[in-house]
Amino acid sequence: VAQKYGVTNADDSDIIEINVGGKIISATRGTLTQLKGTKLDTLFSGRWDKKLPHDEMGRIFLDLNPICFQSILDYLVGKELSAEEEDDKPPQKIRRIKLDHQYTLLHMVKY
């Protein structure tokens, strides 16, 4: 699958630039894929890079609210930095986001 639709040399240290609703966000592949079995893991594993929509600069394009996506990324970075802690609660920012965005957010990070 990776040969046909993605990249075969995907590495956790790859820096990925993503156009999220017009805002450019950068993250390592390892941060985006750390929660195995999630939608983020599937999207950014490298297997589907060629099939995902891209903007005119070649960045992966996600038609999502950039504030919500940044909240997810902040959560993942925090989870990565405090891996020794067993805190699976959603970040405070997620709790303050409008209800119509919460389903999308939690679906992307849910196991």
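Small disclaimer: the values here were computed from a predicted structure and weren't measured. (Residues numbered from 1 in each chain as written. Predicted model: local features only at pLDDT ≥ 70, side-chain atom pairs only at ≥ 80, totals over all residues. Heavy atoms only, no water.)

1. Brief notes about the nonpolar core
No. 1: Ranked by internal contacts, the top residues of the largest apolar core, which has 18 residues, are I18, L32, F44, L62 and F69.
No. 2: Sorting the residues of this core by element identifies β1 (15–20), β2 (23–28), α3 (39–44), β3 (60–62) and α4 (66–81) as the ones contributing at least two each.
No. 3: Here this core gets five residues from one element, more than from any other, and that element is α4.
No. 4: With residues near it in sequence (within four places) discarded, I18 still touches K23, I24, I25, L32, F44, I60, L62 and F69. (Core = buried A, V, L, I, M, F, W, Y, C linked by side-chain atoms within 4.5 Å. Buried < 20%, exposed > 50% of the residue type's maximum accessible area, 1.4 Å probe, protein only. Helix = DSSP H or I, 4+ residues; strand = E, 2+ residues; numbered from the N terminus. Contact = heavy atoms within 4.5 Å.)

2. Description of the pairing of β1
No. 1: With six bridges joining them, β1 and β2 adopt antiparallel strand pairing. Note on β2: the bridge partner recorded for I15 is T28.
No. 2: The turn joining β1 and β2, which pair antiparallel and follow one another in sequence, is formed by two residues; a positive phi near 55° is taken by G21.
No. 3: Sheet analysis places β1 next to β3, joined by three bridges and oriented parallel. Bridged to V20 within β3 is L62. (Pairing = 2+ DSSP bridges.)

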